[in-house]
Amino acid sequence: MKEQAIQWRGPGFTRVPYEVYSDAPTAQQEQECIFRGATWNYLCLEAELPEAGSYRTTFVGETPVVVVKDADGEIYAFENRCAHRGALIALEKSGRADSFQCVYHAWSYNLQGDLTGVAFEKGVKGQGGMPASFCKEEHGPRKLRIGVYCGLVFGSFSDDVLSIEEYLGDEICQRIERVLHKPVEVIGRFTQALPNNWKLYVENVKDSYHASLLHLFFTTFELNRLSQKGGVIVDESGGNHVSYSMIDKAAADASYQEQGLRSDNDKYRLKDTTVLEGFPEFDDGITLQILSVFPGFVLQQIQNCLAVRQVLPKGEGRSELNWTYLGYVGDTPVQRTVRLKQLNLVGPAGFISMEDGAVGGFVQRGIAGAQDLEAVIEMGGEDTGSADGRAVENSVRGFWKAYRMHMGA
Amino acid sequence: MIDLLQLCAFNAAYGQAIDSDALESWPAFFTEDCRYRITNVANEREGLPAGVVYADSRAMLEDRIAALREANIYERHRYRHLLGMPLVESSDDKAAVARTPFMVARIMYTGETMLFASGEYRDRFVKVAGKLLLAERVAVCDSTVTDTLLVLPL
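We now turn to the structure provided with this report. (Residues numbered from 1 in each chain as written. Chains lettered and ligands numbered in written order. Predicted model: local features only at pLDDT ≥ 70, side-chain atom pairs only at ≥ 80, totals over all residues. Heavy atoms only, no water.)

**A look at the overall build of chain B**
Here is step 1 of the chain: Summing up its helical and strand segments, chain B has 3 helices and 8 strands in all.
Here is step 2 of the chain: Secondary structure of chain B in N-to-C order comes out as α-β-α-β-α-β-β-β-β-β-β.
Here is step 3 of the chain: Relative to its length of 154 residues, chain B is compact, with a C-alpha radius of gyration of 15 Å against a globular reference of 15 Å.
Here is step 4 of the chain: Along the three orthogonal principal directions, the C-alpha set of chain B runs to about 45 × 30 × 25 Å.
Here is step 5 of the chain: Put simply, chain B has 154 residues, and 51% of those count as buried.
Here is step 6 of the chain: Long-range pairs, those at least 24 residues apart, make up 58% of the contacts in chain B with a sequence separation of at least 6. (Helix = DSSP H or I, 4+ residues; strand = E, 2+ residues; numbered from the N terminus. Rg over C-alpha atoms; globule rule 2.2 N^0.38 Å. Buried < 20%, exposed > 50% of the residue type's maximum accessible area, 1.4 Å probe, protein only. Contact = heavy atoms within 4.5 Å.)

**Points about the pattern of salt bridges**
Here is step 1 of the chain: Under the definition given, this model contains 31 salt bridges over all chains.
Here is step 2 of the chain: For B:Asp56, the salt bridge goes to A:Lys341, with nearest N and O atoms at 2.9 Å. Here the residue B:Asp56 occupies a position in the loop between strand 2 (53–55) and helix 3 (58–70), and A:Lys341 occupies one in helix 8 (residues 333–342), the pair thus bridging two chains.
Here is step 3 of the chain: Three or more residues joined by partner-sharing salt bridges are found here, namely B:Arg37, B:Glu44, B:Glu89, B:Arg99, B:Glu120 and B:Arg122. (Salt bridge = Lys/Arg side-chain N within 4 Å of Asp/Glu carboxyl O.)

**Here we look at the environment of B:Leu115**
Residue and element names in this part refer to chain B.
Here is step 1 of the chain: Mapped onto the elements of the fold, Leu115 is located in strand 6 (residues 113–128).
Here is step 2 of the chain: Taking the C-alpha atoms as reference, Leu115 lies 9.6 Å from Tyr79; in sequence the two are 36 residues apart.
Here is step 3 of the chain: Dropping the residues within four chain positions of it, Leu115 is found in contact with Met103, Val104 and Ala105.

**Notes on the sheet that holds strand 9 (residues 115–117) of chain A**
Here is step 1 of the chain: In spatial order, the strands read 7-8-9 (chain A); together these 3 strands make up an open sheet with antiparallel pairing. Both edges of this open sheet fall to strand 7 (100–101) and strand 9 of chain A, since each of them pairs with a single strand only. (Pairing = 2+ DSSP bridges.)

**Observations regarding empty space enclosed by the protein**
Residue and element names in this part refer to chain A.
Here is step 1 of the chain: In the structure shown here, the tally under the stated rule is 4 cavities of 30 Å³ or more.
Here is step 2 of the chain: Considered as a void within the structure, the largest cavity measures approximately 70 Å³ in volume.
Here is step 3 of the chain: Phe35, Asn41, Tyr42, Phe59, Val60, Gly61, Pro295, Gly296, Gln310, Val311 and Leu312 are the residues that line the largest cavity.
Here is step 4 of the chain: Those elements that place two or more of their residues in the lining of the largest cavity are strand 2 (41–45), strand 3 (54–60) and strand 17 (305–313).
Here is step 5 of the chain: Per element, the largest residue contribution to the lining of the largest cavity is 3 residues, and it comes from strand 17.
Here is step 6 of the chain: When the residues that make up the lining of the largest cavity are grouped by side-chain class, the tally is 7 nonpolar, 4 polar and no charged. (1 Å grid on protein atoms, 1.4 Å probe; cavity = no way out; pocket = protein on both sides within 12 Å on 5 of 7 lines; lining within 4 Å. Points joined across faces, edges and corners; volume = space filled by probe spheres on them. Nonpolar A, V, L, I, M, F, W, Y, C, P; charged D, E, K, R; others polar.)

**Let's talk about the pairing of strand 11 (residues 152–156) of chain A**
Residues and elements named next belong to chain A.
Here is step 1 of the chain: With 5 of its 5 residues buried, strand 11 lies for the most part within the structure.
Here is step 2 of the chain: Burial along strand 11 is two-sided: the face carrying Leu152, Phe154 and Ser156 and the face carrying Val153 and Gly155 are both buried.
Here is step 3 of the chain: With 4 bridges joining them, strand 2 and strand 11 adopt antiparallel strand pairing. The residue bridging Asn41 from the neighbouring strand is Gly155, located in strand 11.
Here is step 4 of the chain: Here 5 bridges tie strand 10 (residues 143–149) to strand 11, and the two strands are oriented antiparallel to one another. By the bridge assignment for strand 11, Arg145 is matched with Ser156.
Here is step 5 of the chain: Hairpin remark: strand 10 followed by strand 11, antiparallel, with 2 residues in the connecting loop; positive phi at Cys150, about 50°.

**Some thoughts on the sheet that holds strand 11 of chain A**
Residues and elements named next belong to chain A.
Here is step 1 of the chain: The strand order 2-11-10-5-4-3-6 describes an open sheet built from 7 strands, whose pairing is antiparallel. Each having just a single partner strand, strand 2 and strand 6 (94–96) make up the two edges of the open sheet. Across the sheet, the mean angle from the axis of one strand to that of its neighbour is 30°, orientation sign disregarded.
Here is step 2 of the chain: As judged from the 5 bridges shared by strand 4 (residues 63–69) and strand 5 (residues 75–79), these two strands associate in the antiparallel manner. For Val65, the partnering residue across the bridge sits in strand 5 and is Glu79. (Axes fitted to C-alpha atoms, helices over the stretch in contact; angles between N-to-C directions.)

**Some remarks on the nonpolar core**
Here is step 1 of the chain: Membership of the largest hydrophobic core comes to 133 residues, with the highest contact counts inside it found for A:Trp400, B:Tyr14, B:Tyr36 and B:Leu154.
Here is step 2 of the chain: Broken down by element, the residue count for this core peaks at 6 residues, all from helix 10 (residues 394–407) of chain A.
Here is step 3 of the chain: Sequence-distant contacts of B:Tyr14, that is, excluding residues within four places in its chain, are made with B:Trp26, B:Phe29, B:Phe30, B:Tyr36, B:Tyr121, B:Leu134, B:Arg137 and B:Leu154.
Here is step 4 of the chain: Among the nonpolar cores identified, the runner-up in size contains 17 residues, and A:Tyr55, A:Leu111, A:Val118 and A:Phe134 belong to it. (Core = buried A, V, L, I, M, F, W, Y, C linked by side-chain atoms within 4.5 Å.)

**Some remarks on the pairing of strand 15 (residues 286–293) of chain A**
All names here are of chain A.
Here is step 1 of the chain: Within strand 15, 8 of the 8 residues are buried, which leaves it mostly tucked inside the rest of the structure.
Here is step 2 of the chain: When strand 14 (residues 241–247) meets strand 15, the two strands line up antiparallel, connected through 6 bridges. The residue of strand 15 that forms the bridge with Met246 is Ile286.
Here is step 3 of the chain: Note that strand 15 and strand 16 (residues 297–302) share 6 bridges and pair antiparallel. Of the residues in strand 16, the one forming a bridge with Leu291 is Leu299.
Here is step 4 of the chain: Hairpin connection of strand 15 to strand 16: 3 residues between the antiparallel strands.

**Some points on the interface of chain B and chain A**
Frequently, the measure chosen for interface size is the accessible area removed from exposure when the parts meet.
Here is step 1 of the chain: If you look at the interface, chain B gives 35 residues, while chain A gives 38 residues.
Here is step 2 of the chain: Our count for the contact surface shared by chain B and chain A stands at 5 salt bridges.
Here is step 3 of the chain: Across the salt bridge formed by B:Glu75 and A:Arg365, the nearest N and O atoms sit 2.6 Å from each other.
Here is step 4 of the chain: Residue assignment for the side of chain B that touches chain A shows that the elements contributing at least two residues are strand 1 (30–40), helix 2 (41–46), strand 2, helix 3 and strand 8 (145–147) of chain B.
Here is step 5 of the chain: Here the side of chain B that touches chain A gets 8 residues from one element, more than from any other, and that element is helix 3 of chain B.

**Side note on helix 9 (residues 354–366) of chain A**
Here is step 1 of the chain: With 13 residues, helix 9 of chain A ought to run about 18 Å at 1.5 Å a step, and its terminal C-alpha atoms sit 19 Å apart, in line with that.
Here is step 2 of the chain: Within helix 9 of chain A the residues assigned to the buried category are A:Met354, A:Glu355, A:Asp356, A:Gly357, A:Ala358, A:Gly360, A:Gly361 and A:Gln364.
Here is step 3 of the chain: The secondary structure elements touched by the buried residues of helix 9 of chain A are strand 12 (184–194), helix 4 (198–206) and helix 5 (211–214) of chain A together with helix 3 of chain B. (Expected span 1.5 Å × (residues − 1).)

Any functional reading would require information that these geometric values do not contain.
Structure follows, in structure tokens:
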């Protein structure tokens, strides 16, 4: 039995005890303090709930939830747990319903998660039934607060959480709006099962330091010069971040020309470069923007390739990454094809992201005998704020700042 | 007439090429302007067009192999394809449309073996200069979940 709480050492947020990636009590506490705590958890896109009765089932941490649009046009979310015995209320990933009914004993719920019916409540032929004192209004699955920003639907179990706009902060809001400024539609969904604790993936997303070191696709095929300037934005809480890089127009043109001149039989050249061909749609020249919201949401723009990712814990040593690939409503067929081809860069088989599915597992296995040791996260010093350049770990330290605040650690 | 046995022999060679690490020969199973995509039944049911791999030329398949040889980082592993009997939907001298179920085990260098993917190839075959080739192969996985990463083709 563990006697002592996990020890966090400094300086600042530069040390992370390996125990936090495998400790079962910690994982339980995260469910309460983080996922069901004063945080906003991504649930789905507004576009995925097109009409009254449209619903999706998902998770807040490990807690199953139903998110649904009611006839009043509002979005509601509640725990996917029957108030009677605790069985799942909705079994499908998505669908349309006028109401929900638990399959076990047919207790029923309206689209806002209120218990509306108890089978045989008055008994059968005068026998059985619930006591007269039983009040349906006092029973029901826990409800979530809903915050919608730019078509992203977030939920929170907390009554104390900031408004979604305050939680995101101005800079993060602007960067979300930059991508989601017009209606989107889903063009595909894929789940990647990760052999590691959820925090290792979130850290990886925030870690701009690893990108050109672990992911060799761009460097191997000498495509990396296209994006030259970049930076990291970390919000006040530390938990939300944006990492971006911008095309340097002059360098890019020269690079493309140079590439065109190279011999076709060169081993380290792509044979079909249309996989990277895009079209200009962001006036600010930003070709890559990775944005995360604490605890487990990611919005990605890599050239014209748009996606949201939802990170979910599955026990201490595993997690799931849900990818939802997006296009804009009104894309031309040519634009849509460009997005579909650029999606080769990301996802479970992505040229520049497949490694992220494995590297968390390398850490998880690497630290198996090192619970009392710690990671060193000191690139860029102790700073947890925004930075120019990407050879820093500010946003990773920012994550731990927010994590420890919520965990009281 | 492209017959069942020809399709079976084609698929046997296809699986063998991947499983024996002769990956450089894999693109040659396709036409030059082929389509190759890996997706799942849920996306197909909803008509969502994306793939975890999405290629519209043989050159893109060659690039996939070049990338996994030269660029991508992953732990050494191989596959074992078990391909079922093609269900031939149409066939003549020049073309055939068929569906073939697959199961792919992944064998890690550590010795761990797991069922990595099951699903169905939805194929359009054509005869080019007397040779049977894939004009299109959509690998529709039964599960929406991919474990860790997908680098070797299905």
